[in-house]
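Single-letter residue listing:
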Amino acid sequence: MKKKIFCSVLFSVLIVSAFAQNNLSVDVDSEIYRILENCQSRGLCDILPGAKPYTQNRILQAVNEILENEDRLSATEKAVLNDYLEEHSRKEEKVVSKTHLRLQNNILNVPFSFEYMFGLEVSGSSGLYTDSDFNKAGFDFIPSVDFRGDLSRYISYTLKVLIDVTRMPLYECGTDYFVGYSWFNTFPAKEGTENTEPYEVGDYADALADNDNDKSIADAKYGEPDRRTIRTLKNTAYLPFAYKKKWSGQMYLLENMSASGLEGWPQTLGVSGTINAEIRTSLLNNSISIGAGRINHEWAAMDTGSSLVLNRSAQPFFSADMTVELFPFLTYSALTGILEYPNQDYMAESSWPDGIEDDSLFQNAFSLNMIELDYKYFHFDFGSSVVWPKRFEIGYIFPLVNFVEYQNHIGDNDNCALFGDIMFRKPGLGSIWASLYLDEINGLNNNPLTSSRAMFAGQLGTKIIIPKLPFASVSMRYTKVEPFCYTHHSINYTPWYSHYVCESYTNNGECLGYYLPPNADEFFFRFETTPVRGLSTSFQYQFIRHGADYGTQQVQGSSLYSELSNANRDDIEKHFLHDGAYNWMHIISAGASYSTKKTKVPFNIYGSLGFLYSYYTMIDDEDYEMTILGNHKADGNTKYHFVDNDEYPVQCGIVMTFGIKLWNF
């Protein structure tokens, strides 16, 4: 009764309702992005910027434009769009409940609003395989609270806090994976070798080169430098590359709720959480969006989840960004943020140089800029990115700089890259595109097909609109990520840093770019549609090949932790499928999601059923050799063959995933 009296008094003073925080961005995982992409391909609205997320205002503007073409929309499509418009364009709504409160003052010139919403998500997934060691099951129980509101008509804010009670056991593969030697360390002379003075990796490499790559001779002279390795762990509770963790930082295991119980992954039951927040403004009829916060992004994606430069599968990080639609055909976007260290001692504790903790090794900022040209039948974008150890480097913060060119003025201290996309579209039919992420190509002297210094990712794709089915399309793409792409050697000469700093293209231990690891390719097919109001369905097939990142025929450059040696790196070659063991995966999945906001308890139910067939190929043992100089015995003509053994087994598995979100989603 006291609560009811309090609320009555409160609402006699405050006007409740009106603002929907439309200046805030909408998370890139929202279903509305798929709908907008479908409508753009059909020519139902103007082309939207390639820097996601968009603000709610920008999305509502596009939805209204689409509804103006109602004669080209089915009844289901109009209902879906009108539901979205109604939900996010309310002018009057009084909300007071145990899970949702909205307040607003009555100052017309400087309106202020405050809202909180509780949410709950429960999800679980389990895999059943022919080898029982792979059988794993995991779950997430995630309560959250979201505070948001408006500061005037132009600025909105949000703060979302979540707790994740989870258990996600991982399967550990065989022999640890070799990721490289410390680049600039001087190693003390080893007892029992010919050498009596300190030596470097280059000395050992020279001994190999001088003796026809005979490791026994080099070991006798120097002794092999200290190897850096990682454990290879797989989440078999989910289909490959399907799980994105919601928590951040460290995990308290419930079996040890103390500082010593902090871990990097919930192999047993644990609890962690995270905070995502944002302040954003939109100006000039949504032509300018400026904001800062810790949110998810996707840039330069020609289709949902296809970006090579900043993919929605990446973990969120704090950044400031802006997007300016200068003209209907010209858009410019820029971003600068701080990346989060991987906290993966459980996996990579032996990969760091001695005496350096992983949080001090990884001290990186990240900058990205992009310019886009958009016409009815043609799209082109171009940009640059840089991972740079945190320091007052004002050139990377300034948005009108090409970072690769700028590095020529300040020294080769950072991880720079170029990227670009070109797309041709036929409204109502679909589109075809090509994408390139260029990490490094060392001039024209290296063969990009065989030189390991040619580190890049490329993609060819098409998206076809399916007529008469609501928001239906078929997407197909082929993506190749070359060895050592997205990686970078750890360096100890970065300005302001006296120790090693890792500059890999990662955030929170996961790639910022495409979700495939280096030295992998993928053929991707996806069909999706919205058959009835509130229901989204999909069917997906992936064929993935990846160099083995463990075992006796592991392939260099197949992990985000791999570091291309500075000793004779121009001689290290790559021969996809022909230079060691490779994992071949066929993945089939069907999924559905149903949601409604019009019930007493708003909910979203989702699930998927998938099938995985995984096997390996190897080359003959006499053709394989992995040394600091790379594999020189194998070449593009080396034969490979199918295997099924304890180290590289054949696996068949069925994976079922189910989840439900309540209230705030």
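Just so you know, these numbers come straight off a predicted model, no measurement behind them.

A. Representation of the overall build of the chain in the model. A tally of regular secondary structure across the chain gives 10 helices and 30 strands. Radius of gyration (C-alpha) of the chain: 26 Å, near the 26 Å computed for a compact globule of 665 residues. Here the chain, with 665 residues, has 55% of them falling under the buried criterion. If you take every contact in the chain between residues at least 6 apart in sequence, the share linking residues at least 24 apart comes to 69%. Approximately 28700 Å² of the chain is accessible, and the part contributed by carbon and sulfur atoms is 59%.

B. Local environment of the nonpolar core. Counting 56 residues, the largest nonpolar core has Phe 366, Tyr 437, Tyr 486, Tyr 505, Leu 512 and Tyr 648 as its most contacted members. Elements represented by at least two residues in this core include exactly β17 (364–374), β19 (415–426), β21 (455–465), β25 (520–532), β27 (582–596) and β28 (603–619). Once residues lying within four places of it in the same chain are set aside, the contact partners of Phe 366 are Phe 317, Leu 335, Thr 336, Gly 337, Leu 339, Ser 385, Val 386, Val 387, Trp 388, Tyr 505 and Leu 512. Cys 39, Leu 48, Tyr 54 and Leu 85 belong to the second largest nonpolar core, which has 22 residues in total.

C. Spatial organisation of the pattern of salt bridges. Across all of its chains, the model carries 30 salt bridges by this definition. Lys 215 is the salt-bridge partner of Asp 219, the closest N and O atoms lying 2.9 Å from each other. Residue Asp 219 and its partner Lys 215 are both found in helix α6 (residues 215–221); the two are separated by 4 residues, about one turn of the helix. The class for Asp 219 is partly exposed, based on a relative accessible area of 23%. A salt bridge links Glu 224 to Arg 227; the nearest nitrogen and oxygen atoms lie 2.9 Å apart.

D. A look at helix α10 (residues 403–410). Of all the positions in α10, only Phe 403, Tyr 406 and Gln 407 are classed as buried. All buried residues of α10 lie within an arc of 105 degrees about the axis, which places them on one face of the element. Turned more than 90 degrees from where α10 packs its buried face, Asn 408 and His 409 sit exposed. Regarding α10, its N-cap is Asn 402, as a side-chain oxygen of that residue lies 3.2 Å from the backbone nitrogen of Val 404 further along. Downstream of α10 by a residue or two, Gly 411 has a phi angle that is positive, lying close to 105 degrees.

E. Structural detail: the packing of helix α3 (residues 56–67) against helix α4 (residues 75–88). Where α3 meets α4, the axes come as close as 10 Å, and the angle between the chain directions of the two elements is 145 degrees. α4 is crossed by α3, and the crossing has left-handed handedness. Together, Gln 56, Ile 59, Leu 60, Val 63, Asn 64, Ile 66 and Leu 67 of α3 and Lys 78, Leu 81, Asn 82, Tyr 84, Leu 85 and His 88 of α4 make up the contact between the two elements. Per-class residue counts for the contact of α3 with α4 are 8 nonpolar, 4 polar and 1 charged.

F. Highlighting the packing of helix α2 (residues 31–41) against α3. Where α2 meets α3, the axes come as close as 11 Å, and the angle between the chain directions of the two elements is 45 degrees. Judged by the angle between their axes, α2 and α3 are oblique. The crossing of α2 and α3 is left-handed. Seen from α2, the contacting residues are Ile 32, Tyr 33, Leu 36 and Cys 39; seen from α3, they are Ile 59, Ala 62, Val 63 and Ile 66. Split by residue class, the contact of α2 with α3 holds 8 nonpolar, no polar and no charged.

G. Representation of the side chain of Asn 311 in the model. As for its position among the elements, Asn 311 is in the loop between β14 (298–299) and β15 (317–327). For Asn 311, a relative accessible area of 1% translates into the label buried. When neighbours within four sequence positions are excluded, Asn 311 is seen to be in contact with His 297, Glu 298, Gly 305, Ser 306, Leu 512, Gly 513 and Tyr 514.

H. Up close: the side chain of Thr 274. The topology assignment puts Thr 274 in strand β12 (residues 270–283). When its relative accessible area of 10% is taken as the criterion, Thr 274 is described as buried. For Thr 274, the side chain forms a polar contact with the side chain of Ser 248, separated by 3.1 Å. Sequence-distant contacts of Thr 274, defined by excluding residues within four places in its chain, comprise Lys 160, Val 161, Leu 162, Lys 246, Trp 247, Ser 248 and Arg 294.

I. Summary view of the state of the cysteines. Inspection of the entire model under this criterion finds 0 disulfides. Between Cys 173, a cysteine without a disulfide, and Cys 652, which holds the nearest cysteine sulfur, the sulfur-to-sulfur distance is 17 Å. With no disulfide of its own, Cys 416 lies closest to Cys 485 among cysteine sulfurs, the gap being 14 Å.

J. A nonpolar patch on the surface, seen in detail. The grouping of Phe 112, Leu 151, Tyr 154, Ile 155, Ile 279, Leu 283, Leu 284 and Ile 290 at the surface amounts to a nonpolar patch, some 730 Å² of accessible area in total. With respect to the helices and strands, the residue Leu 284 is situated in the loop between β12 and β13 (288–295). Residue classification places Leu 284 among the exposed positions, given a relative accessible area of 63%.

K. Region of the structure containing the environment of Gln 407. Mapped onto the elements of the fold, Gln 407 is located in helix α10. What makes Gln 407 buried here is its relative accessible area of 12%. Through-space distance from the C-alpha of Gln 407 to that of Thr 627 is 32 Å; in sequence the pair is 220 residues apart. Look past the residues within four positions of Gln 407 in its chain and what remains in contact with it is Tyr 396, Asp 412, Asn 413, Asp 414, Asn 415 and Cys 416.

L. Main features of the pairing of strand β3 (residues 112–129). Direction of pairing for strand β2 (residues 100–104) relative to β3: antiparallel, over a ladder of 5 bridges. In the strand pairing of β3, Leu 101 is matched with Tyr 116. Alignment of β3 against strand β4 (residues 136–151), held across 16 bridges, turns out to be antiparallel. Residue pairing for β4: Gly 124 is matched across the bridge by Phe 139. Taking the residues that link successive antiparallel strands as the turn, the β3-β4 hairpin has 6 residues.

M. Quick peek at the environment of Phe 527. Within the fold, Phe 527 resides in strand β25. Take Phe 527: its relative accessible area is 25%, and that puts it in the partly exposed class. The spatial distance from the C-alpha of Phe 527 to the C-alpha of Gln 540 is 6.4 Å, given a sequence separation of 13 residues. Excluding anything up to four places from it in sequence, Phe 527 contacts Ile 466, Leu 469, Ala 472, Ser 473, Val 474, Thr 537, Ser 538 and Phe 539.

N. The arrangement of a negative patch on the surface in detail. The grouping of Glu 255, Glu 263, Asp 345 and Glu 349 at the surface amounts to a negative patch. Relative to the helices and strands, Glu 255 is located in the loop between β10 (248–253) and β11 (262–263). The class for Glu 255 is exposed, based on a relative accessible area of 62%.

O. Here's a closer look at α3. Here α3 spans 16 Å end to end across 12 residues, near enough to the 16 Å set by a 1.5 Å rise per residue. The complete set of buried residues in α3 reads Gln 56, Arg 58, Ile 59, Leu 60, Ala 62, Val 63, Ile 66 and Leu 67. Buried-residue contacts for α3 involve α2, α4 and β15.

Cut-offs applied
- Residues numbered from 1 in each chain as written.
- Predicted model: local features only at pLDDT ≥ 70, side-chain atom pairs only at ≥ 80, totals over all residues.
- Heavy atoms only, no water.
- Helix = DSSP H or I, 4+ residues; strand = E, 2+ residues; numbered from the N terminus.
- Rg over C-alpha atoms; globule rule 2.2 N^0.38 Å.
- Buried < 20%, exposed > 50% of the residue type's maximum accessible area, 1.4 Å probe, protein only.
- Contact = heavy atoms within 4.5 Å.
- Areas by Shrake-Rupley, 256 points an atom, 1.4 Å probe, with all protein chains shown as cover.
- Core = buried A, V, L, I, M, F, W, Y, C linked by side-chain atoms within 4.5 Å.
- Salt bridge = Lys/Arg side-chain N within 4 Å of Asp/Glu carboxyl O.
- Arc of directions from axis to C-beta.
- Polar contact = N/O pair within 3.5 Å; in protein donor to acceptor, adjacent residues only side chain to side chain.
- Axes fitted to C-alpha atoms, helices over the stretch in contact; angles between N-to-C directions.
- Left-handed = near helix turned anticlockwise from the far one by under 90°.
- Nonpolar A, V, L, I, M, F, W, Y, C, P; charged D, E, K, R; others polar.
- Parallel < 35°, antiparallel > 145°, perpendicular 65-115°, else oblique.
- Disulfide = S-S within 2.5 Å.
- Patch = residues over 30% accessible without salt bridge, like charges linked within 9 Å, V, L, I, M, F, W, Y side chains within 5 Å.
- Pairing = 2+ DSSP bridges.
- Lys, Arg positive; Asp, Glu negative; His and termini not counted.
- Charge placed at Lys NZ, Arg CZ, Asp CG, Glu CD.
- Expected span 1.5 Å × (residues − 1).

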